[in-house]
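Structural overview for review
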Amino acid sequence: MSCVARVPVQPMATNAPRTIVAGATGFTGALAAHLLWRHPDFELVAITGRSELGRELREVYPRYRVPLSFQELDVESLEGIDAAVVAYPHAAAAPTVAALRERGIRVVDLSADFRLRSLASYERWYGEHPRPELIEEAVYGLTELHRAQIVSAGLVANPGCYPTASLLALAPLARAGLIADVVIDAKQGISGAGRVFDETTHLSMAGENIVPYKVAGHRHTPEIEEQLNALASPSCAEADAPAPELKVQFQAHLVPLDQGEMASCYVTTTRPVVAEELRAIYLEAYDDEPFVELLLDGPPGVLEVRETNYCRVFAAADEHTDKVIAFGAIDNLWKGTSSQAVQNLNLMFGYPETRGLL
């Protein structure tokens, strides 16, 4: 069946930053292109990909209705480009990011290449780093934690989806120096695996099933550890005590959802915490955050945040075990990746961070 579609017009402001999405054939790149196409303050001028060349994005992803055609990325020919979202896998992203930065283009990188401050940690979990000289320049792009640095950044390393949900659930406790140990039990829909299905993510395995994967070795573990330890360090300094190295037990599960992610975090605290104090800690952290919805009466579900940039957070003190249980629910493709990238771009170019995301 054929149809004649009206060509959509981009709602674009005068002097809008000219923007490209590199790697727009995958789920996250395509969504980033969709969000930038409908954004009133960015001009999306090109989308690139290694497949689907010559086809319009709206042919490959009809629901996004972006009429731009996929082309090969030729960095040498880029002129007058202000911003780029790079949606390549780790190691493949770094050379492209470097080439874009050499031309003064501000970049939000969706890969893992610049998320870790420690080169040794990166090499342990991912292998040799293609462009380690850029690590110092990169700002970790969890907006709620690093807003001030993102504003002036030339390179923002967008967080992984699991770290986004986990860190927003745990950050208030880490800042207060209250995490002695934590186990994170995380669950995600199959869209997190991307467009290429393997024996784990194939629908025949994922349907009506729960599948743990990357047991005792998930690459998001060091990212979560690094950020939690950085948050805890000021608390330890104020207490005139050395900051202990927190090691996180992280386990991911595939669940039969399209989109959605829940991080359930079981925290052994450094001292007993009662419900009233816990509530005050989280209210202080998130009362003014536009995209964190703090729940006070019960935990969230993933459908509540689907196709939004929101993270819903809930924390409870368990008087029986003296532990704290904290939950973070996000859409893994939105707040977990693409809409958070746009949130960061908003800050980088001086727009309200909610612009184009509400």
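What counts as what
Residues numbered from 1 in each chain as written. Predicted model: local features only at pLDDT ≥ 70, side-chain atom pairs only at ≥ 80, totals over all residues. Heavy atoms only, no water. Helix = DSSP H or I, 4+ residues; strand = E, 2+ residues; numbered from the N terminus. Rg over C-alpha atoms; globule rule 2.2 N^0.38 Å. Buried < 20%, exposed > 50% of the residue type's maximum accessible area, 1.4 Å probe, protein only. Contact = heavy atoms within 4.5 Å. Areas by Shrake-Rupley, 256 points an atom, 1.4 Å probe, with all protein chains shown as cover. Lys, Arg positive; Asp, Glu negative; His and termini not counted. Charge placed at Lys NZ, Arg CZ, Asp CG, Glu CD. pLDDT = per-residue confidence, 0-100. Phe/Tyr/Trp six-rings, centres within 6.5 Å; stacked < 30°, edge-to-face > 60°. Salt bridge = Lys/Arg side-chain N within 4 Å of Asp/Glu carboxyl O. Pairing = 2+ DSSP bridges. Axes fitted to C-alpha atoms, helices over the stretch in contact; angles between N-to-C directions. Core = buried A, V, L, I, M, F, W, Y, C linked by side-chain atoms within 4.5 Å. Disulfide = S-S within 2.5 Å. Parallel < 35°, antiparallel > 145°, perpendicular 65-115°, else oblique. Left-handed = near helix turned anticlockwise from the far one by under 90°. Nonpolar A, V, L, I, M, F, W, Y, C, P; charged D, E, K, R; others polar.

**Here's the deal with the overall build of the protein chain**
Within the protein chain, the secondary structure is distributed over 10 helices and 14 strands. Its C-alpha atoms give the protein chain a radius of gyration of 20 Å, near enough to 21 Å, the size a compact globule of 358 residues would have. Expressed along its principal axes, the backbone C-alpha trace of the protein chain runs to roughly 60 × 45 × 40 Å. A burial count over the protein chain gives 55% of its 358 residues as buried. The long-range share in the protein chain, meaning contacts at least 24 apart out of those at least 6 apart in sequence, stands at 70%. As displayed, the protein chain has an accessible area near 15900 Å², and 52% of this comes from carbon and sulfur atoms. Between the centroid of the 29 positive side chains of the protein chain and the centroid of its 47 negative side chains there is a distance of 5 Å.

**A word on the confidence of the model for the protein chain**
In the predicted model, the protein chain carries a mean pLDDT of 91, and 91% of its residues have values of at least 70. Predicted confidence is poor over residues 236-240, with pLDDT under 50, and the contacts of this stretch with residues over four places away or in other chains come to four contacts.

**Structural notes on the packing of aromatic side chains**
One pass over the structure, following the stated rule, counts nine aromatic pairs. Pairing Phe27 with Tyr61 gives two aromatic rings, centres 6.4 Å apart and planes at 75°, and the pair type is edge-to-face. Taken together, the positions of Phe27 in helix H1 (residues 27-37) and Tyr61 in the loop between helix H2 (57-60) and strand E3 (70-71) put the pair 34 residues apart, joining distant regions of the chain. Relative accessible area serves as the criterion here: at 5%, Tyr61 is assigned to the buried category.

**Considerations on the pattern of salt bridges**
For the coordinates displayed, the defined rule picks out 20 salt bridges. Between Glu76 and Arg103 there is a salt bridge whose closest N-O contact spans 3.0 Å. Of this pair, Glu76 sits in the loop between E3 and strand E4 (83-86) while Arg103 sits in the loop between helix H3 (93-102) and strand E5 (106-109), and the two are 27 residues apart along the sequence. A salt bridge links Glu293 to Arg312; its shortest N-O distance comes to 2.8 Å.

**Looking at H3**
Buried residues dominate H3, accounting for seven of its 10 residues. Buried positions along H3 lie against strand E1 (18-22), E4, E5 and strand E7 (155-157). Downstream of H3 by one or two residues, Gly104 has phi in the positive range, about 75°.

**Remarks on the sheet that holds E7**
Strand order across the open sheet formed by seven strands is E3-E2-E1-E4-E5-E7-E6, with parallel pairing between neighbours. Looking at the sheet topology across the chains shown, the edges are occupied by E3 and strand E6 (139-140). Both E5 and E7 contribute to a ladder of three bridges, which runs parallel. Bridging from a neighbouring strand, Asp109 pairs with Ala157 of E7. Against the sheet, H1 makes contact with E1, strand E2 (43-48) and E4, and its axis sits at roughly 165° relative to E1, the strand it touches most. Sitting on the sheet, H3 is in contact with E1, E4, E5 and E7, with an inclination near 165° to E5.

**Quick look at the nonpolar core**
Considering soluble globular proteins, one finds that nonpolar side chains tend to be buried as a cluster. Counting residues in hydrophobic clusters, the biggest one holds 44 residues, and the most contacted among them are Leu170, Leu173, Ile179, Val182, Ile184, Leu228 and Tyr282. No other element matches helix H6 (residues 161-175), which puts 10 residues into this core.

**Side note on the pairing of strand E13 (residues 311-318)**
In this structure, strand E12 (residues 292-294) lies alongside E13, joined through three bridges in parallel fashion. Its bridge partner lying in E13, Leu294 is registered against Val313. Where E13 lies against strand E14 (residues 323-330), seven bridges are found, and the strand directions are antiparallel. Of the residues in E14, the one forming a bridge with Val313 is Gly328. Hairpin geometry of E13 and E14 is characterised by an intervening segment of four residues between the two adjacent antiparallel strands and by a positive phi of about 60° at Asp322.

**Description of the state of the cysteines**
Inspection of every chain in the model, using the stated rule, returns zero disulfides. Cys311 forms no disulfide, and the closest cysteine sulfur to it belongs to Cys265, at a distance of 9.8 Å.

**Let's talk about the sheet that holds E13**
Reading across from one edge, E9-E10-E8-E11-E14-E13-E12 is the order of the seven strands in this open sheet, with mixed pairing throughout. Two strands bound the open sheet, and with one partner strand each, they are strand E9 (211-213) and E12. Direction aside, neighbouring strands of the sheet carry axes that sit 25° apart on average.

**Remarks on the packing of H6 against helix H9 (residues 275-286)**
Their axes nearest at 9 Å, the elements H6 and H9 cross at an angle of 110°. As judged from the angle between their axes, H6 and H9 are roughly perpendicular. The handedness of the crossing between H6 and H9 comes out as right-handed. Of the residues in H9, those in contact with Leu167, Leu168, Ala169, Leu170, Ala171, Pro172, Leu173 and Arg175 of H6 are Leu278, Ile281, Tyr282, Ala285 and Tyr286. Considered class by class, the residues forming the contact of H6 with H9 number 12 nonpolar, no polar and one charged.

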